[in-house]
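# Architecture at a glance
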Amino acid sequence: MTAARAPRTSEGVSDVISDLRERIASLETSTVKKAGCLAFGVPEMDAALPGGGLSYGALHEFAGGGAGTVDGAAAALFAAGIAARTKGPIVWCLTRPDLFFPALAQVGLNSDRVIFVESDKDEDVLANMEEGLSFGGLGAVVGELVRLPMVGSRRLQLAAERTGTMALAVRRWRRQTEANDFGQPTASTTRWRVSVMPSEDLPVPGVGRPRWFVELMRVKAGGCAEFLVRACDDKGRLDLSAGSADRSHSPGRSVHSA
Amino acid sequence: MIAKSGSKRWVSAADAAAKKAGVRVGIPAAKAQALFRGLMLVDADLKTDAAALERITLWALTLYSPIVAVDGVDGIVMDTEGADHLQGGELPMVTKIANQFLARKLTARVAVADTWGAAHACARAISRETVIVPIGQTVRAVEKLPISLLRLAPKIVSDLHTLGFQSIGQLANTARAPLNLRFGPEIGRRLDQIFGRVSEPIDPIRTAELIEVARSFAEPIGAAETINKYVGRLIVQLIEELQKKGLGVRRADLIVDKVDGTRQAIRAGTVKPARDVAWLTKLFRDRTEKIEPGFGIEKLTLVAVIAEPLEETQKSSSLVEEEVTDVSPLIDIYGNRGHKVYRLAPMASDVPERSVQRISAVADPIAVAWVGHWRRPVRLLPRPELITAIALMPDYPPASITWRGKRRKVIRADGPERIFGEWWQRDSEMEAVRDYFVIEDESGERLWVFRSGDGVDPETGDHRWFCHGIFA
């Protein structure tokens, strides 16, 4: 499942460990395709993920923080940025068609690549995602979901493992109070929370490049981490903001704006 | 329109103008001529009529339901069971059917009922364009209708009239035995059919061009695996037939005949001609669970209702070329499950809600893109929501806004981005102006708000503020 991380101890020990890891990975599941990873291109973020990036053939879950739990704007754009950096067609399953595609095009997602599948029920979104994942050959399958039960997430994870397609679940709830559902366990490989932060200061009045507070809340075979990043650019890439990444970070008011 | 039978000539159809002059269907031709001088008489051509009806029926077969047949000399019957929810219910469905006929300059009377007989009678009795008989209300709907709508031979109808029977209800309440003795079993059979006491399967219309493969079973089958196995074999057969003719299937129907005389149909469509066994098998396998075998299945029939030419193409054998995945089978799977599948494409419009259009998921790639140098929100509210804002006129961003009951202090803002109304779309947009601002509140939430009007001229808008989108 996981590849060796950068050696921290002496050469010999790390060799043994990486060898063991490989052998365990080969034991874990025989059907898993070696799919590799999609690096963020941000060394700090990639270091927090086993394999040095978001693994293909796995389910990744994104949710917003605060008001973002309902609108899911930042989470959707974060997922779109990842999808934009994959290759191949993308299937986007949703129930509420309020996505404004020009914004997605601005993070490098070509509208020709994205096929939207709109259904009435949440369960249909799960079924459609699974169908897309088991089809194979897609770049990523994105689904906007309210509920992601354990069984459903397990099915998605297994389907993703079989074909090596990346599954991205954007969670958005009807009410902000329902969002504690995000604490429930799921079978997803990584789980992220993306909250909007005040934008970067500009020397002139105006809104600078948006910043996000990205929390890696859970990752298989890895530890949690938090990053303050600058939002996706026109190629879907993030980069680390100069601000501190701990929670003590409080945005100072721009000296230039009113 | 004059029909002939022996030496008798009578009016078999009349247009609106003729009806106004008093010409009715059924009156002798000589009488009609006497009613109106210079009445235009056209001899009825039954053969051409029948051929035209068959053509219309074949067209209807490709529309809603896999089971469509010619009904009498002037009607079409469709089995719409399971088809109505896809159109949003029975009422939208019948309206749509009527409109589709209207679009082809055909005036149709559409009726939906529990049984073929009831629908037949209601469609011919109504003066409106559509009628829906609610489930279980057949008796009430048909009891007052004349017996001529019972699909009996004209001789029997006129004899019953002589005996004083007028409505279907009267006939249904009479003892069966004497009627049987006098007229034979036909009346009883038709009455049972109209009330749904005996089943009346609809034999779908077929022509020589339709490619059809069928398999009958000596012993009725019922197990899911068995059904799947034979469906798979039928698909292979159908593909072979298609291959011979160089066709690909666009729409295929699987018709299941059951032991108790009922019929069920499953339809699968593809976005482009297909001749791939795995692809079609997947589409039908998805839905064979919907088949209710009941007491067993006697016969499975697979028909390619719409087939289009499909030429063999050579796959590029280049090793370096990147492989492009063809997603049309996946699109078919989604489409056959009744989900909306589409792609989004730019529209040449500056008004945000008009700048995106839905196109077919298999449309050719669109080269143009949206103009990228203005920030656009990730979520666009379905309708701009009214907010209260405090702002300096004419062109300052708001200092604070209240949206959905929450007051936000605006820390940073960008704008205005002025968007003019499109006068060619609506008259009211002649002068209309929207000034869009990107605003950011103290918690970092970014919103897209606009003021209707340019802040100076009240003609351009009433200076109310709206929230239109949410940025990431």
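What you see is a predicted model, and the numbers here were worked out from it, not measured in a lab.

Of regular secondary structure, chain A possesses 7 helices and 11 strands. Counting all 258 residues of chain A, 56% fall into the buried class. Long-range pairs, those at least 24 residues apart, make up 65% of the contacts in chain A between residues at least 6 apart in sequence. When the accessible surface of chain A is summed, it comes to about 10,800 Å², and 54% of that surface belongs to carbon and sulfur atoms.

Turning our eyes to something else, we now look at the pattern of salt bridges. Note that side chains of opposite charge can pair when their charged atoms are close. Tallied over the entire structure, the rule returns 53 salt bridges over all chains. For Asp98 of chain A, the salt bridge identified is with Arg172 of chain A, shortest N-O distance 3.0 Å. With Asp98 of chain A in the loop between β4 (90-94) and α5 (101-105) and Arg172 of chain A in the loop between β7 (166-171) and β8 (190-197), the pair connects residues that are 74 residues apart, well separated along the chain. Taken as a pair, Asp98 of chain A and Arg172 of chain A share a single burial class, namely buried. Across the pair Glu440 of chain B and Arg446 of chain B runs a salt bridge whose closest N-O atoms are separated by 3.0 Å. Take Glu440 of chain B and Arg446 of chain B: they sit in the same class, and that class is buried.

What follows is about the packing of aromatic side chains. Two measures describe an aromatic ring pair: the distance that separates the ring centres and the angle between the ring planes. Overall, the coordinates contain 18 aromatic pairs over all chains when judged by the stated rule. Considering the side-chain rings of Phe101 of chain A and Phe116 of chain A, the 5.9 Å spacing of their centres and the 85 degrees angle between planes classify their relative orientation as edge-to-face. Placement of Phe101 of chain A in helix α5 and of Phe116 of chain A in strand β5 (residues 114-118) is noted, with a sequence separation of 15 residues between them. Grouping residues by exposure puts Phe101 of chain A and Phe116 of chain A together as buried. Note on Phe437 of chain B and Trp465 of chain B: the rings are 5.7 Å apart at their centroids and 35 degrees apart in plane angle, and the pair reads as tilted. Here Phe437 of chain B, found in strand β16 (residues 433-441), pairs with Trp465 of chain B, found in strand β18 (residues 465-470); they are 28 residues apart in sequence, far enough to count as distant. A network of ring pairs unites the aromatic residues Phe40, Phe62, Phe78, Trp192 and Trp212 of chain A as a single cluster.

Within the largest apolar cluster, 66 residues are counted, with the highest numbers of intra-cluster contacts made by Phe40, Met45, Phe78, Trp92, Leu109, Trp192 and Trp212 of chain A. Here this core takes 11 residues from helix α4 (residues 73-84) of chain A, the largest share from any one element. By size, the runner-up hydrophobic cluster in this structure holds 30 residues, among which are Tyr230, Ala274, Leu302 and Ile333 of chain B.

Note that Ala160 of chain A resides in helix α7 (residues 150-163). For the pair Ala160 of chain A and Arg96 of chain A, spaced 64 residues apart in the sequence, the C-alpha separation amounts to 24 Å.

All names here are of chain B. With 22 residues, helix α11 (residues 224-245) should reach 32 Å at 1.5 Å per residue; the first-to-last C-alpha distance of 32 Å fits that figure. Inspection of α11 places Ile227, Asn228, Tyr230, Val231, Gly232, Leu234, Ile235, Leu238, Ile239 and Leu242 among the buried residues, and these make up the whole buried set. Those residues of α11 hidden inside the fold are in contact with β7 (211-221), β8 (247-258), α12 (277-288) and β10 (297-309). Note on α11: the residue one or two positions beyond its end, Gly246, has a positive phi of about 70 degrees.

Quick look at the sheet that holds strand β13 (residues 379-391) of chain B now. All names here are of chain B. Spatial ordering of the closed barrel is given by β13-β14-β15-β16-β17-β18, a layout of 6 strands whose pairing is antiparallel. Strand-to-strand twist in this sheet, taken as the mean axis angle between neighbours without regard to direction, amounts to 45 degrees. Pairing of β13 with β18, which is carried by 5 bridges, proceeds in the antiparallel orientation. In the sheet register, Glu385 faces β18, and the bridge partner there is Cys467.

As a further point, take a nonpolar patch on the surface. On the surface, a nonpolar cluster with roughly 270 Å² of combined accessible area is contributed by Val16, Leu20 and Ile24 of chain A. Structurally, Ile24 of chain A can be placed in helix α1 (residues 11-28).

Residues and elements named next belong to chain B. Burial of β8 is extensive: 10 of the 12 residues sit out of reach of the surface. By the bridge criterion, 11 bridges tie β8 to β10 in an arrangement that is antiparallel. What sits directly across from Lys258, in β10, is Ile297. Looking at chain direction, β8 and strand β9 (residues 263-274) are connected through 8 bridges and run antiparallel. Across the sheet, residue Leu254 finds its bridge partner in β9, namely Ile266. As consecutive antiparallel partners, β8 and β9 are separated by 4 residues, and within that stretch Gly261 has a phi angle of approximately 85 degrees, a positive value.

This part takes up the packing of helix α9 (residues 176-183) of chain B against helix α10 (residues 186-194) of chain B. Residue and element names in this part refer to chain B. Remark: α9 packs on α10, axes separated minimally by 8 Å, with the N-to-C direction vectors making an angle of 125 degrees. The angle between α9 and α10 falls in the class oblique. Here Arg176, Leu179 and Phe183 of α9 lie close against α10, whose contacting residues are Ile187, Gly188, Leu191 and Asp192. Tallied by class, the residues present in the contact of α9 with α10 amount to 4 nonpolar, 1 polar and 2 charged.

Time to look at the interface of chain B and chain A. Taken together, the contact between chain B and chain A spans 48 residues of the former and 58 residues of the latter. Where chain B packs against chain A, one counts 8 salt bridges. The partner of Arg337 of chain B in a salt bridge is Glu131 of chain A, with the nearest N and O atoms 2.6 Å apart. For the interface between chain B and chain A, the tally reads 27 residue pairs in polar contact (both at pLDDT 80 or more). Mapped onto the side of chain B that touches chain A, the elements with two or more residues apiece are α13 (328-336), β11 (340-346), β12 (356-360), β13, β15 (406-420) and β16 of chain B. For the side of chain B that touches chain A, the class distribution of residues is 26 nonpolar, 6 polar and 16 charged.

A separate point is the confidence of the model for chain B. Residue and element names in this part refer to chain B. Chain-level pLDDT for chain B is 83 on average; 96% of the residues reach the 70-or-more range. Per-element confidence in chain B is highest for β18, whose mean pLDDT is 93, and lowest for strand β1 (residues 2-5), whose mean pLDDT is 60. The ipTM for the predicted assembly is 0.82, set against a pTM of 0.75.

Residue and element names in this part refer to chain B. A large share of α10 lies buried, amounting to 7 of its 9 residues. Of all the residues in α10, the buried ones are Ile187, Gly188, Arg190, Leu191, Asp192, Gln193 and Ile194. Against α5 (116-125), α6 (138-142), α7 (154-163), α8 (168-172) and α9 lie the buried residues of α10. Directly beyond the C-terminal end of α10, a positive phi value near 75 degrees is found at Gly196.

Analysis parameters
- Residues numbered from 1 in each chain as written.
- Chains lettered and ligands numbered in written order.
- Predicted model: local features only at pLDDT ≥ 70, side-chain atom pairs only at ≥ 80, totals over all residues.
- Heavy atoms only, no water.
- Helix = DSSP H or I, 4+ residues; strand = E, 2+ residues; numbered from the N terminus.
- Buried < 20%, exposed > 50% of the residue type's maximum accessible area, 1.4 Å probe, protein only.
- Contact = heavy atoms within 4.5 Å.
- Areas by Shrake-Rupley, 256 points an atom, 1.4 Å probe, with all protein chains shown as cover.
- Salt bridge = Lys/Arg side-chain N within 4 Å of Asp/Glu carboxyl O.
- Phe/Tyr/Trp six-rings, centres within 6.5 Å; stacked < 30°, edge-to-face > 60°.
- Core = buried A, V, L, I, M, F, W, Y, C linked by side-chain atoms within 4.5 Å.
- Expected span 1.5 Å × (residues − 1).
- Pairing = 2+ DSSP bridges.
- Axes fitted to C-alpha atoms, helices over the stretch in contact; angles between N-to-C directions.
- Patch = residues over 30% accessible without salt bridge, like charges linked within 9 Å, V, L, I, M, F, W, Y side chains within 5 Å.
- Parallel < 35°, antiparallel > 145°, perpendicular 65-115°, else oblique.
- Nonpolar A, V, L, I, M, F, W, Y, C, P; charged D, E, K, R; others polar.
- Polar contact = N/O pair within 3.5 Å; in protein donor to acceptor, adjacent residues only side chain to side chain.
- pLDDT = per-residue confidence, 0-100.

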